[in-house]
Protein chains: 2
Amino acid sequence: MYKPNKKMSKLILENSPEIFRSSTRIERTPGSVTRDILKVIDTPGMISFAGGLPDDTLFPIEDLKNIFETSVSKKGAKLFQYADTQGHSDLRAWIADRYYPGSSADEILLTSGSQQALDLLSRYFIDEGSAILLERPSYLGAIQVFSSYAPTFIGIHYTEEGPDLEELKYALASSSEKPKFFYCIPDFQNPSSYSYSLEIRNSLSKLLLENGVPILEDTAYRELYFEEKLPTSLCELGPEHTISIGTFSKTLAPGLRVGWIKAPKKILKDLIVQKQSVDLHSPTLNQELVYGFVSSSKYEKHLSLIRKTYRKKSEHTFVCLQNNFGNSLPLRISKGGLFYWLEFPQEIDTDLLFQKCLEKGLAAVPGSSFFVGKPERNHLRWNFSNASEEETKLGVERLYKVYKEISER
Amino acid sequence: MYKPNKKMSKLILENSPEIFRSSTRIERTPGSVTRDILKVIDTPGMISFAGGLPDDTLFPIEDLKNIFETSVSKKGAKLFQYADTQGHSDLRAWIADRYYPGSSADEILLTSGSQQALDLLSRYFIDEGSAILLERPSYLGAIQVFSSYAPTFIGIHYTEEGPDLEELKYALASSSEKPKFFYCIPDFQNPSSYSYSLEIRNSLSKLLLENGVPILEDTAYRELYFEEKLPTSLCELGPEHTISIGTFSKTLAPGLRVGWIKAPKKILKDLIVQKQSVDLHSPTLNQELVYGFVSSSKYEKHLSLIRKTYRKKSEHTFVCLQNNFGNSLPLRISKGGLFYWLEFPQEIDTDLLFQKCLEKGLAAVPGSSFFVGKPERNHLRWNFSNASEEETKLGVERLYKVYKEISER
């Protein structure tokens, strides 16, 4: 048998230019800071508020076990064979029915979490240099995947009521290229936990329609309201020019990796071809487990339980923050979603704060990662859904200690 | 509440240029003909040999049920929470150990089937216009995803012993841009069912190393040998310049969507960031099911059963083809993989043959789809792993009838 000549191949590899020559995409795709942080949090003694992790004690594991058993007995090999790219038709019908009144299963494509939805939509819309609009701050997983397609970002300030419409008007009027879309999270945004008022939703939908710019509405946190439901979705206000994406990661279990895109059929056809090309289809079994649970009578009760639990966690976090920081931070209770967006005084650099926190066994995400363009540097994203009450108490105390140290220098 | 002004939005949408303006990628991504065919095969009376579908009566469903139960009881919520992007560490170690002697779990990235491996590698290597080498014919899912990144394809003729090395030398010498990689399926290729001899493997590995061109080796069918094992893999011959991809779709169950990339660590690091950006991670549950089965004592027996079953199916198909076509086609028995690559006389256009076959309730894939550049038009890809003996007999009879009709015109 041929033995590879190790000496020769070493010689060739050492004296030649790089054999694996990467595309320009590799340089421009930022690593995700939260996923990097996830690797640190296994350090003993570390308390983490960094991930957007649901409380996994709420996962309906016994129900999923039962659904698995029933489904496998009923459908057998079909669950393990190649399947249709568009995904589980009953689950698509359920999503259409629940979230998009008047639409049908044909307008839904199932994806591997909403992260894949963002990738497929990037593939659909973005050429190198394409202008795209998004909120400042925005979801960093979106910034990461968009960046890999090299668009020109136009950031619109996200205020407590919604995006600054004057800024948006100015951007629409002044951009030399018409933006391909406006990406937004109108419901308990990650990271800010802000939502759009109904008034802003109406005006924004109208403004973008008039300018011929489609909306990509990310509804990841829409079900996680603790008090009252959110105003009408942008997709319902303007289905002709809005594409909506969603996920079961926050309402059921992220590890199943089931999300979706709702888009006009004409667009969806092309998105399905893109989905084919990137992974043929998502696993049927996972879609079946999701469908089994959400279509049962247990889902509403489950959602109520999540809302109640997270509300309690949000309130507890708020109390801990107040007890420690008093009036030194502008605090507002989170009424939905998974996060507090802590705003420190301008002179506090949260990248530095974050490093000091790590040394004290505490992880959260510095705000700078969430901005396209020039980052604001005085925020910290704090997740409240995963940690226990005790951990939260301890974590906030550690945070305050580090804050005091830095601010007294 | 605001009611969207339907009349106004209709007016705007009708009188303005297209609101959803797609990227150039959409135009250049071909639909997959096999996946389109998969939609036709549910027509009553249709017998299909079109998909690369494993025989789903072989799926070890009872075992997977038991693994699910045990794993969920043991690992609980962890299986449903967000997880590491690189994937299940025990499964990665198992893959490294079995397929890549001397390598470690650090060099493996788990993907959603090997189709996603191809997408991630496209992201890594291909800029618009990048030259890439691949076999003629080649796997059409690879052609589809590569196309979406707009490379310049350089096709190398795949003969019964392997790729034409003279053609490859010429291509390496004459291409104005050094190719980013050579993509190949050296083991029972889809569609041709050809394999590389050991001699060709050695010469090709050496030639590409000397030219500083990495190899992407697709091992999807490597376990599906019916008689003797295949020669040493290209990755084992030259691990420094070879990236290998694999899948459990053919050996276990495609619906689980578990595949992998084995690459030098330095490259893998960047591939993990790309994987993060496209879907965060693949579902843990599916990786756990695969690991539970392949690491058990049952896997080797299962592989033996698959090989024995497919060998029998291949032989039966061969007999049916001989009984009908006699000497009118050059027939050679398939000794592995999933396909027959039927070569018709030059004057037979298999795109036309395919259309006529559909009318007679028979589906297989016309060869033209598998070629970059100018397609050869006289082949038909025939899958033998999925149909029953009776269906195969009937299917081949139908094929022969259509062939006679066309050739006698």
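None of the values given here were measured: they were computed from a predicted structure. For every chain, the first residue of the written sequence is number 1, and numbering continues from 1 along that sequence. In the order they appear in the text, chains get letters beginning with A and ligands get numbers beginning with 1. Given that the model is predicted, a residue must reach a pLDDT of at least 70 before its local features are reported, and side-chain atom pairs must reach 80 or more before they are shown or counted; all residues, however, enter totals for whole chains, interfaces and linings. Only hydrogens and water are set aside when side-chain values are computed; all heavy atoms of the structure are taken into account.

Some thoughts on the overall build of chain A
Point 1. Secondary structure follows DSSP: runs of H or I at least 4 residues long count as helices, runs of E at least 2 residues long count as strands, and numbering of each begins at the N terminus. When helices and strands are counted, chain A shows 15 helices and 13 strands.
Point 2. For chain A, whose C-alpha radius of gyration is 23 Å, the value lies close to the compact-globule estimate of 22 Å for 409 residues.
Point 3. Along the longest, intermediate and shortest principal axes, the C-alpha atoms of chain A span 65 × 65 × 55 Å.
Point 4. Three labels apply to residues, based on accessible area from a 1.4 Å probe with only protein chains included: buried if under 20% of the type maximum, exposed if over 50%, partly exposed otherwise in between. Counting over 409 residues, chain A shows a buried share of 63%.
Point 5. Contact between two residues is taken to exist if any of their heavy atoms lie within 4.5 Å; hydrogens are not considered. Excluding contacts between residues fewer than 6 apart, the proportion of contacts in chain A whose partners are at least 24 apart in sequence is 74%. When we talk radius of gyration, it's over C-alpha atoms, and the globule rule is simply 2.2 Å times the number of residues to the 0.38.

Some remarks on the sheet that holds strand 2 (residues 108-111) of chain A
All names here are of chain A.
Point 1. An order of 2-9-8-7-6-3-4-5 is seen for the 8 strands of this open sheet, with the pairing classed as mixed. The two strands at the open ends of the sheet, each matched to only one other strand, are strand 2 and strand 5 (162-163).
Point 2. Pairing of strand 4 (residues 152-159) with strand 5 involves 2 bridges; the strand directions are antiparallel. The partner of Y158 across the bridge, within strand 5, is P163.
Point 3. Together, strand 2, strand 8 (242-247) and strand 9 (259-262) form the strand contacts of helix 11 (residues 265-279), whose direction differs from that of strand 2 by roughly 25 degrees. Two strands pair under a simple rule: DSSP has to find at least two bridges between them. Every angle, taken between N-to-C directions, lies between 0 and 180 degrees, and every axis is a line fitted to C-alpha atoms, over only the stretch in contact when it is a helix.

Thoughts on the relation of the copies chain A and chain B
Point 1. A least-squares fit on C-alpha atoms brings the copies together, and the residues used are those whose pLDDT is at least 70 in both copies. With an RMSD of 0.0 Å, the operation that places chain A on chain B is a rotation of 180 degrees combined with a shift of 0.0 Å along the axis. On this basis, the relationship between the two copies can be described by a two-fold rotation axis.
Point 2. Mapped onto chain B, 100% of the interface residues of chain A are again interface residues, and the two copies thus contact each other with one and the same surface.

Digging into the interface of chain A and chain B
Point 1. The interface of chain A with chain B comprises 105 residues on the first partner and 105 residues on the second.
Point 2. For the pairing of chain A and chain B, the buried interface totals around 9,000 Å² over both sides, and the portion due to carbon and sulfur atoms is 60%.
Point 3. When residues in the side of chain A that touches chain B are grouped by element, the largest group, 9 residues, is from helix 11 of chain A.
Point 4. Charged residues are taken to be Asp, Glu, Lys and Arg, nonpolar residues to be Ala, Val, Leu, Ile, Met, Phe, Trp, Tyr, Cys and Pro, and polar residues to be all remaining types, Gly included. For the side of chain A that touches chain B, the per-class residue count stands at 47 nonpolar, 33 polar and 25 charged. Accessible area that two parts lose when put together, evaluated with a 1.4 Å probe and summed over both, is termed the buried area.

Thoughts on the state of the cysteines
Point 1. Disulfides are defined as cysteine sulfur pairs within 2.5 Å. On inspection of all chains with the given rule, the structure shows 0 disulfides over all chains.
Point 2. Unpaired in terms of disulfides, A:C320 finds its nearest cysteine sulfur in A:C357, a separation of 15 Å.

Focus: the pairing of strand 2 of chain A
Along any regular strand, the residues point their side chains to alternate faces of the sheet.
Residue and element names in this part refer to chain A.
Point 1. Side-chain alternation along strand 2 places I108 and L110 on one buried face and L109 and T111 on a second face that is also buried.
Point 2. Pairing geometry for strand 2 and strand 9, over 4 bridges, is antiparallel. Across the sheet, the residue bridging to L109 is I261, located in strand 9.

Details of unusual backbone geometry
Point 1. Residue A:P137 is bonded to the preceding A:R136 through a cis peptide linkage, with omega at 0 degrees.
Point 2. That bond from A:N190 to A:P191 is cis: its omega, 20 degrees, falls within 30 degrees of zero.
Point 3. With respect to the helices, strands and loops of the structure, A:P191 is situated in the loop between strand 6 (182-184) and helix 9 (198-210).
Point 4. Notably, B:F188 is not glycine yet its phi reads approximately 45 degrees, a positive angle.
Point 5. With relative accessibility at 7%, the residue B:F188 sits in the buried group.

Some details on the domain arrangement of chain A
Residues and elements named next belong to chain A.
Point 1. Domain extents, as shown, originate in an automatic or database domain assignment. In terms of domains, chain A is made up of domain 1 (29-52 + 300-407) and domain 2 (61-296).
Point 2. Its C-alpha centre places domain 1 at a distance of 25 Å from the equivalent point of domain 2.
Point 3. Across the boundary between the two partners, domain 1 contributes 33 residues, which contact 31 residues of domain 2.
Point 4. Taking both sides of the interface into account, the surface hidden between domain 1 and domain 2 amounts to around 2,900 Å²; carbon and sulfur atoms contribute 60%.
Point 5. Each reported salt bridge corresponds to a side-chain nitrogen of Lys or Arg within 4 Å of a carboxyl oxygen of Asp or Glu. Between the two partners, domain 1 and domain 2, sit 3 salt bridges.
Point 6. In this structure, the salt-bridge partner of R332 is E160, at a minimum N-O distance of 2.7 Å.

Quick look at the pattern of salt bridges
Residue and element names in this part refer to chain A.
Point 1. This structure, assessed with the given rule, holds 46 salt bridges over all chains.
Point 2. Among the salt bridges present, the one from K75 reaches E288, with a minimum N-O distance of 2.9 Å. Within this pair, whereas K75 is found in helix 4 (residues 61-75), its partner E288 is found in helix 12 (residues 284-294), the two being separated by 213 residues in sequence.
Point 3. Using a relative accessible area of 33% as the deciding quantity, one classes K75 as partly exposed.

Concerning the packing of aromatic side chains
Point 1. Two rings from Phe, Tyr or Trp (for Trp, the six-membered ring) form a pair when their centres are within 6.5 Å of each other. A pair whose planes differ by under 30 degrees is stacked, one over 60 is edge-to-face, and the rest are tilted. For the structure shown, the criterion picks out 51 aromatic pairs over all chains.
Point 2. Aromatic pair A:Y340 and A:F384: ring centres 5.5 Å apart, planes at 65 degrees, arrangement edge-to-face. Remark: A:F384 occurs in the loop between strand 13 (379-383) and helix 15 (389-407) and A:Y340 occurs in strand 10 (residues 339-343); sequence separation between them is 44 residues.
Point 3. Given a relative accessible area of 3%, A:Y340 falls into the buried group.
Point 4. Where B:Y99 meets B:W260, the ring centres are 5.4 Å apart and the plane angle is 15 degrees; that geometry is what we call stacked. A residue pair is termed long-range when its members are at least 10 positions apart, and B:Y99 in helix 5 (residues 89-99) and B:W260 in strand 9 (residues 259-262) qualify at 161 residues.

Some words on the packing of helix 5 (residues 89-99) of chain A against helix 12 of chain A
Residues and elements named next belong to chain A.
Point 1. Across the interface, helix 5 lies against helix 12 with an axial gap of 9 Å and an inter-helix angle of 45 degrees. As summarised for this structure, helix 5 and helix 12 are arranged oblique, according to the angle between their axes. In this structure, helix 5 meets helix 12 at a crossing whose hand is left-handed. Between helix 5 and helix 12, the contacting residues are D90, L91 and W94 on the first element and Q287, V290, Y291 and V294 on the second.
Point 2. The residue makeup of the contact of helix 5 with helix 12, split by class, is 5 nonpolar, 1 polar and 1 charged. Any angle that falls under 35 degrees is termed roughly parallel, while one over 145 is termed roughly antiparallel, one within 65 to 115 roughly perpendicular, and all others oblique. We call a crossing left-handed when the near helix sits turned anticlockwise from the far one by less than a right angle, and right-handed when that turn is clockwise.

Some remarks on the sheet that holds strand 6 (residues 182-184) of chain B
Through backbone hydrogen bonds, the strands of a sheet pair up, either in parallel or in antiparallel fashion.
All names here are of chain B.
Point 1. The sheet built from 8 strands is open, its strands ordered 2-9-8-7-6-3-4-5 with mixed pairing. Edge positions in the sheet fall to strand 2 (108-111) and strand 5 (162-163), since each has one partner strand and no second.
Point 2. Against the sheet, helix 5 contacts strand 2 and strand 9, and its axis sits at roughly 115 degrees relative to strand 2.

Brief notes about the environment of A:Q189
All names here are of chain A.
Point 1. With respect to the element layout, Q189 can be found in the loop between strand 6 and helix 9.
Point 2. Remark: the alpha-carbon pair of Q189 and A171, spanning 18 residues in sequence, is separated by 21 Å.
Point 3. Apart from the residues lying within four places of it in its own chain, the contact partners of Q189 are E135, P137, S138, Y158, Y194 and F339.

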